[in-house]
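Residue-level listing of the chains:
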Amino acid sequence: MPTKKKQEAMLNQVIEMKLTELHPFKNHPFKVLDDELMQQTIDSITQVGVLCPLVVRPDPGGGYEIISGHRRLRASELAGLNTVPVIVKNLTDDEAVIFMVDSNLQRENILPSEKAKAYKMKMEALKHQGKSKDLTFRQNGGKSWTVEKLSQDTGDSVRNVERYIHLANLEPALLEKVDNKEISFTPAVELASLSQEEQQGFLDAMDYSQNTPSLSQAQKIKSKRTMHG
């Protein structure tokens, strides 16, 4: 790890860094898939190199945490590179989460699970940054300002933002079925209200019957739970 003085000199500069010094962002919600798009990125890097630097921050535990550029790192590995251009930024945990989410949400193809987890992470980071603001907003009868801010930043409606954040409560196996279009978005949001145990039971029943739930079925399951709860 470079000395503090050297780290400060590196800040906001484009520098070449060894791949071995970089590691993924903690709980990074965006999948890095070895798909056709990845192959296109590898081909581009092989021909012209990494044109857009990765954004990283120093990790007190050693090395550097990637804030933006997980796909470019993977493509660089597969292309056989030893170093990549990076910009080092000194960001707090909350600032890093917001930067990471914002830079990834610009992509065209984002899975429902990715958006759900990313929205929730950014909402929590915004809450940490303005606890008193959130409390005042709620006391005045408004929606959480964090949801309003997410809506403004993403172009998604407030209702949609709330639904995606709620979707993050789904069990990973159910979220995967939403990504694979085995469960539609709206029934999935209803199912996210169920307990972990109930979701697992629903998943088992779905796998057994090979059926995809409709919105009305999801609502019935949710209403039964409310009646017995």
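Quick look at the structure, then. Every chain begins its residue count from 1, and numbering advances along the sequence as written. Confidence filtering applies because this is a predicted model: local features only for residues at pLDDT of at least 70, side-chain atom pairs given and counted only at 80 or more, and all residues used for totals across whole chains, interfaces and linings. Calculation of side-chain values draws on the structure's entire complement of heavy atoms; hydrogens and water are dropped beforehand.

1. Overview of the overall build of the protein chain
In this text, helices come from DSSP runs of H or I with a minimum length of four residues, and strands from runs of E with a minimum of two, each type numbered from the N-terminal end. Across its full length, the protein chain carries 12 helices and 5 strands. Relative accessible area decides the class of each residue, using a 1.4 Å probe on protein chains only: under 20% of the type maximum gives buried, over 50% gives exposed, and in between gives partly exposed. Scored against the burial criterion, the 229 residues of the protein chain give a buried share of 41%. When checking whether two residues touch, look at their non-hydrogen atoms; a contact exists if any pair is within 4.5 Å. Summarising the internal contacts of the protein chain: among those between residues at least 6 apart in sequence, 72% fall at separations of at least 24.

2. Structural notes on the environment of Gly80
With respect to the helices and strands, Gly80 occurs in the loop between helix H3 (70-78) and strand E5 (83-88). Spatially, the C-alpha atom of Gly80 lies 8.7 Å from that of Thr46, the residues being 34 residues apart in sequence.

3. Section: unusual backbone geometry
Backbone geometry at Asn27 places phi at a positive 60°, although glycine is not the residue there. A positive phi angle is found at Lys181, which is not glycine, with a value near 65°. With respect to the secondary-structure elements, Lys181 resides in the loop between helix H9 (172-179) and helix H10 (185-191).

4. Description of the side chain of Ser151
Within the fold, Ser151 resides in helix H7 (residues 145-154). Among the polar contacts listed, one links the side chain of Ser151 to the backbone oxygen of Asp156, at a separation of 2.6 Å. When sequence neighbours within four positions are dropped, the list of residues in contact with Ser151 reads Asp156, Ser157, Val158 and Val161. Under the rule applied, a polar contact is a pair of N or O atoms within 3.5 Å (in protein, one hydrogen donor and one hydrogen acceptor; residues adjacent in sequence only if both atoms are side-chain atoms).

5. So, the nonpolar core
We call a set of buried residues a nonpolar core when its members are Ala, Val, Leu, Ile, Met, Phe, Trp, Tyr or Cys and they connect through side-chain atoms within 4.5 Å of each other. Counting residues in hydrophobic clusters, the biggest one holds 39 residues, and the most contacted among them are Phe25, Ile67, Met100, Tyr119, Leu167, Leu170 and Ile183. Looking at this core, the elements that each hand over two or more residues are helix H4 (93-104), helix H5 (112-129), H7, helix H8 (158-167), H9, H10 and helix H11 (196-209). If one sorts the elements of this core by residue count, H5 sits on top with 7 residues. Counting 17 residues, the second largest nonpolar core, distinct from the first, contains Leu19, Ile45, Val84 and Val86.

6. Quick word on the sheet that holds strand E2 (residues 22-23)
Paired strands are those between which DSSP finds at least two bridges. Strand order in the open sheet formed by 5 strands is E1-E5-E3-E4-E2, with mixed pairing between adjacent strands. Of all strands in the sheet, those with a lone pairing partner are strand E1 (14-18) and E2, marking the two edges. Direction of pairing for E2 relative to strand E4 (residues 64-68): parallel, over a ladder of 2 bridges. Note that in E4 the partner of Leu22 across the bridge is Tyr64. Sheet strands touched by H3: E2, strand E3 (54-58), E4 and E5. Its angle to E4, the strand with the most contacts, is close to 115°. Here the axes come from fitting lines to C-alpha atoms, over the contacting stretch only for helices, and the angles between their N-to-C directions go from 0 to 180 degrees. Together, E3 and E4 form the strand contacts of H4, whose direction differs from that of E4 by roughly 45°.

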